[in-house]
Amino acid sequence: MAMIISNEELVPGIYVMKIEGNYKGHMGQFYMLRSGRNYPLLPRPISIYDIGDGGITFLYRVVGEGTRQLSLLQPGQELQLEGPFGNGFPQIEGSLALIGGGMGTAPLLLAAKHYQKSHVYLGFAQQAFGVEAFEAVASSVQVKVGGSIVEQVDPAGYTTIFACGPTPMLQALALKTACTSARLYISTERHMACGIGACLGCTIRTHAGNRRVCKEGPVFPVEEVQFDALHGV
Ligand code: FES
């Protein structure tokens, strides 16, 4: 069990939780969180938002009972935490853009800390959140509320792009990047049960064959991704 240091609502329905301890993990990986030892719901996969200062931090949206239970936890209470899991973003050289939409901004903060010269593009449907955390570490941060953040990005200006967000945003970015030399890696989402590659419940079709999002992903090179397999997730 791990102890909660803080669990605050940033904007309605979106929380940032810090948990005490020295944890491992790198950009794009995730942990499985569950609110209590005997709680009957499956643990929830949540991307690492930040690591350091004696703890690990997760940014999450309340979307069901599991995350609602997480949101009720108070500092000093405990929860179950396992990880890190998954294949995150690769180590790269050259110029880098980080493009996140909504909750898809969460897995990019560690990348922004790791690559402080990266350019960050954050898009939100209605209300921005977590922007200050990026501004504290990145050399440039552009924010768009409403509309498409992809319109503000020129992929030809970058060697590599890391992206996470809604499937239509990722698809638009893939189209825009296709005629450039930029390498695009996207972080995908899927409902997960085990988180360790055992149940096959998170399997998606890719151009490289079937892949488990929790094990071979959640980050894939865009050329492997079949977007029709991601819609509706
Ligand atoms: Fe079980 Fe991925 S969640 S194999």
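Up top is the structure these notes are about.
None of these values were measured; they are calculated from a predicted model.

Colleague: Please set out the overall build of the protein residue by residue, giving values where relevant.
Modeller: Helices and strands together make up the secondary structure of the protein, namely 4 helices and 15 strands. For 233 residues, the compact-globule estimate of 2.2 N^0.38 gives 17 Å, and the C-alpha radius of gyration of the protein, at 17 Å, lies within 12% of that figure. If one aligns the C-alpha atoms of the protein with their principal axes, the spans along those axes are about 50 × 40 × 30 Å. A total of 233 residues make up the protein; the buried ones form 49% of that total. Long-range pairs, those at least 24 residues apart, make up 58% of the contacts in the protein between residues at least 6 apart in sequence.

Colleague: Provide a residue-level description of the pairing of strand β7 (residues 78-85), including the pertinent values.
Modeller: As judged from the 2 bridges shared by strand β1 (residues 2-11) and β7, these two strands associate in the antiparallel manner. Paired with Ala 2 across the two strands is Leu 79, which belongs to β7. Note: strand β3 (residues 30-34) against β7, 4 bridges, orientation antiparallel. If you follow Leu 33 over to β7, its bridge partner there is Leu 81.

Colleague: Summarise the side chain of Thr 177; cite the residues concerned and give the values.
Modeller: Considering the arrangement of structural elements, one finds Thr 177 in helix α4 (residues 167-178). Given a relative accessible area of 5%, Thr 177 falls into the buried group. For Thr 177, the residues in contact, after removing those within four places along its chain, are Pro 155, Ile 161, Ala 182 and Leu 184.

Colleague: Tell me about the environment of Ala 97, and please be specific about residues and values.
Modeller: In this fold, Ala 97 is placed in strand β8 (residues 96-101). Residue Ala 97 is classed as buried on the basis of its relative accessible area of 0%. It is 9.5 Å that separates the C-alpha atoms of Ala 97 and Asp 154, two residues lying 57 residues apart in sequence. With residues near it in sequence (within four places) discarded, Ala 97 still touches His 119, Tyr 121, Tyr 158, Thr 160, Ile 161 and Phe 162.

Colleague: Give a description of the sheet that holds strand β9 (residues 119-124) that names residues and reports values.
Modeller: Spatially, β10-β9-β8-β11-β12-β15 is the arrangement adopted by the 6 strands of the open sheet, whose pairing is mixed. Of all strands in the sheet, those with a lone pairing partner are β10 (140-145) and β15 (219-221), marking the two edges. Averaged over all neighbouring strand pairs, the angle between strand axes comes to 15 degrees, with direction disregarded. Relative to β9, β8 runs parallel, the two sharing 5 bridges. From the neighbouring strand, Leu 98 faces β9, where its bridge partner is Val 120. Packed on one face of the sheet, α4 meets β8, β11 (160-164) and β12 (183-187) and runs near 165 degrees to β11.

Colleague: Can you lay out unusual backbone geometry for me, pointing to particular residues and giving the numbers?
Modeller: For the bond from Gly 83 to Pro 84, the omega torsion is 0 degrees, close enough to zero to count as cis. Mapped onto the elements, Pro 84 comes out in strand β7. In this chain, Gly 217 is followed by Pro 218 through a cis amide linkage whose omega measures 10 degrees. Even without being a glycine, Asp 53 presents a positive backbone phi close to 55 degrees. Mapped onto the fold, Asp 53 is located in the loop between β5 (50-52) and β6 (55-61). Overall, the relative accessible area of 75% leaves Asp 53 in the exposed class. A positive phi is found at Leu 200, a non-glycine position, where the angle reads about 65 degrees. Here Leu 200 shows up in the loop between β12 and β13 (203-206).

Criteria and cut-off values
Residues numbered from 1 in each chain as written. Predicted model: local features only at pLDDT ≥ 70, side-chain atom pairs only at ≥ 80, totals over all residues. Heavy atoms only, no water. Helix = DSSP H or I, 4+ residues; strand = E, 2+ residues; numbered from the N terminus. Rg over C-alpha atoms; globule rule 2.2 N^0.38 Å. Buried < 20%, exposed > 50% of the residue type's maximum accessible area, 1.4 Å probe, protein only. Contact = heavy atoms within 4.5 Å. Pairing = 2+ DSSP bridges. Axes fitted to C-alpha atoms, helices over the stretch in contact; angles between N-to-C directions.

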